[in-house]
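# Residue-level structural notes
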Amino acid sequence: MSIATQPITLTINGKKVGPMQVAEGLMMIDFLHEYLDLTGSRLGCGQGVCHACVVILDKADGTSEEVRSCITGAHFFDGKKVRTVEGHAKLNDKGEVVALSPVQQKFLEHFSFQCGYCTPGFVNAATVLLERLKRAPVSRDQIDETITESLNAHICRCTGYVRYFEAVKDVVLNTPGLVKEGK
Amino acid sequence: MMNRHLALLAAALVVAAQSAAAGSDAVSRGRYLVKAADCAACHTSATGAPFAGGVELKSDFGTFYGTNITPDKEHGIGKWTAGEFYAALRDGVAPDRHLYPAMPYTSYRSMSRADSDAIFAYLMQIKPAAVANKAADLKFPYNMRFGMRFWNMLFLKDALPDASAGQSPAYLRGRYLVNTMGHCAECHTPRGALGQMDGAKPLGGSAMARIAAPDITPAGLSASGWTAADLSSFLRTGVAQQGSAYGEMFAVVHLSTQHLTPGDMWAMTTYLLGDKPLPPQPLKPAPAGADASIDAGRRTYIAVCAGCHGVDGGGKPHVAVAMKGNTTVRSADPRNLIAVTLDGIEAQRFGAKESMQAMPGFAAKLSDKEIAGLSNFLRVSWGGQAGTVGESQVKELRTAIGGLRAR
């Protein structure tokens, strides 16, 4: 008995992938790890709770959202645009990292993580938040609540979240256009 | 002399202790009966004091609010007598007004005076809460309370019809628990144009809220494969092999049925299934070969459902229930299946040992066509039903206001 496959074509971190035949029931995280060697997304709970595995789905209307890759099939992403933690930093021609994204940089400066297992999920969640704030800024008094609500589902067992929170708040306050003028 | 005094004192103490014991016995019986009658469902709001009212009850006639039944003298029932309390339960008549049948006196009518008194005794010793009642917000002509006099003459019956058959003591006790205390018929029996229960179809299923109350007649339960053991597991924990309690039934299990004694649980399931239960019907196997729309539904299932519900539909323990043989999937009416797919279900705890993760709603993720295809795949593969769900049904439920009848 052979495993049934379906063709898949998608864009990951700006590069076209496929068309290729991929097993029907394969979860996205396994596709990233086993077919594409993109091992940055972390498999934590495997049941959609910890959010270590989230990737960014870039939608046609220009918005972005988090999707849990451990409980979402690879074929859900057929024809779609996806970003993983590997897609944030600037690389040179040789594929070496020359600059981190603002979120990544602030996570380092604030010592936001220790073991780092949850970090890919937090990088993606914070990036989705920044992109949302760029489209729809919030007032200054709503920042704390907004950050908490966007990162709340992500589980971290080392640093107690405060350093992630402070890092994201740092980026939000120091990036022009994310906070409404006035208050 | 001294001895006589002591003897008298001792006798007085014994009498006092006995009457206190009788009092607390009624209170503890009342505490149990309040759970069996699920008073908290409407009289305790999520953020309010116990039994201080405020729970919103939407209906086709307008919005009702559960009232304050604490012993507060101004806002609650502190000035009522046990007789007046019994009249409210039995006749729907409070000292100062006619009640609307949002208060299920239509079911409580057959409650025994002793049980009414025990409930009253329990309520009168809880903490009074000075919380004002919210007036019902009803459409004309339902906002005229005196109309209830005529409604009662037409529709208030001493006993509700049976959906099952039996005569055993457990059956008779179960009838009291299901029809009177649990007031199951209030949601599970379809209603007529004036909100009266349809006596011809007791417990036959009704769609008063966004999540419809399913058919729990012996035939309906047998058609979805329910046994007494399944029912008692469901009522005790909220989970059975046929699925978990969601919508308003989750609160019913949480506040009421999980607290029933094993004897009463047995009685309840005996009444629902009857003294001679119909055999549970096995799940019809899926027909061989599927059309393109079913196959598209299957792929949607694998893409966004199988991660938790399993590729084989078997579910995952403490994560998500099985789809195979699930009552919502096996139901002839696809309404609940579509509504749950659109809305999702909050994370739920069932007693001390069981829980299910939050299910996300797919209203923004899947199109009408995708949800129709997914519903049909589930119904055909694991529900023994035909794949007859159309996009229009999904569209209709998408736009229906939650908690109101979709019309």
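In this report, the structure presented in the accompanying data block is examined. (Residues numbered from 1 in each chain as written. Chains lettered and ligands numbered in written order. Predicted model: local features only at pLDDT ≥ 70, side-chain atom pairs only at ≥ 80, totals over all residues. Heavy atoms only, no water.)

## Details of the pairing of strand β4 (residues 64-68) of chain A
Residue and element names in this part refer to chain A. Of the pairings in the sheet, the one linking strand β3 (residues 54-58) to β4 comprises five bridges and is antiparallel in character. Its bridge partner lying in β4, Val 54 is registered against Arg 68. Linking β3 back to β4 in an antiparallel pair, the connection comprises five residues, with Gly 62 at a positive phi of about 90°. (Pairing = 2+ DSSP bridges. Helix = DSSP H or I, 4+ residues; strand = E, 2+ residues; numbered from the N terminus.)

## Some words on the sheet that holds β4 of chain A
Residue and element names in this part refer to chain A. Read across the sheet, five strands follow the order β2-β1-β5-β3-β4 without closing on themselves; strand pairing throughout is mixed. The outermost strands of the open sheet, each flanked by one partner alone, are β2 (15-23) and β4. On average, each strand axis in the sheet is tilted by 40° relative to the strand beside it, whichever way the strands run. Note that strand β1 (residues 5-12) and strand β5 (residues 81-83) share two bridges and pair parallel. Within β5, the position partnered with Ile 12 by the bridge is Val 82. (Axes fitted to C-alpha atoms, helices over the stretch in contact; angles between N-to-C directions.)

## Digging into helix α5 (residues 113-124) of chain B
The terminal C-alpha atoms of α5 of chain B, which comprises 12 residues, lie 16 Å apart, in line with the 16 Å expected from a rise of 1.5 Å per residue. Residues of α5 of chain B that are buried: Asp 115, Ser 116, Ala 118, Ile 119, Phe 120, Tyr 122 and Leu 123 of chain B. (Expected span 1.5 Å × (residues − 1). Buried < 20%, exposed > 50% of the residue type's maximum accessible area, 1.4 Å probe, protein only.)

## Details of the side chain of Gln 196 of chain B
Residue and element names in this part refer to chain B. By the element assignment, Gln 196 lies in the loop between α8 (185-188) and α9 (218-223). Of the polar contacts made by the side chain of Gln 196, one reaches the backbone nitrogen of Leu 194; its length is 3.1 Å. For Gln 196, the contacting residues outside a window of four places in its chain are Trp 151, Phe 155, Pro 190 and Arg 191. (Polar contact = N/O pair within 3.5 Å; in protein donor to acceptor, adjacent residues only side chain to side chain. Contact = heavy atoms within 4.5 Å.)

## Description of the packing of aromatic side chains
A full pass over the atoms with the stated rule returns 15 aromatic pairs over all chains. Between Trp 151 of chain B and Phe 155 of chain B, the ring centres sit 5.3 Å apart and the planes meet at 65°, which makes this aromatic pair edge-to-face. Separated by four residues within a single helix, Trp 151 of chain B and Phe 155 of chain B lie in helix α6 (residues 147-155), roughly one turn from each other. On the accessibility criterion, Trp 151 of chain B (11% relative accessible area) is buried. One aromatic cluster is present, formed by Phe 107, Phe 122 and Tyr 164 of chain A through successive ring pairs. Lying over the aromatic face of Tyr 117 of chain A, Arg 42 of chain A brings its terminal NZ or CZ to 5.6 Å of the ring centre. Above the ring of Phe 76 of chain A, the side-chain terminus of Lys 80 of chain A is found at 4.0 Å from the ring centroid. (Phe/Tyr/Trp six-rings, centres within 6.5 Å; stacked < 30°, edge-to-face > 60°. Lys NZ or Arg CZ within 6 Å of the ring centre and 35° of its normal.)

## Some remarks on the interface of chain B and chain A
Residue-level contacts link 13 residues of chain B with 14 residues of chain A. Between chain B and chain A the total buried area reaches about 1100 Å² when both faces are included, carbon and sulfur atoms providing 56% of it. Of all residues in chain B, the largest losses of buried area upon contact with chain A belong to Ile 302, Ala 303 and Lys 365 of chain B, amounting jointly to 36% of the total for that side. Connecting chain B to chain A are one salt bridge. Across the pair Glu 24 of chain A and Arg 298 of chain B runs a salt bridge, and its minimum N-O distance is 2.8 Å. Across the contact surface, chain B and chain A share three residue pairs in polar contact (both at pLDDT 80 or more). (Buried area = accessible area lost by both parts, 1.4 Å probe. Salt bridge = Lys/Arg side-chain N within 4 Å of Asp/Glu carboxyl O.)

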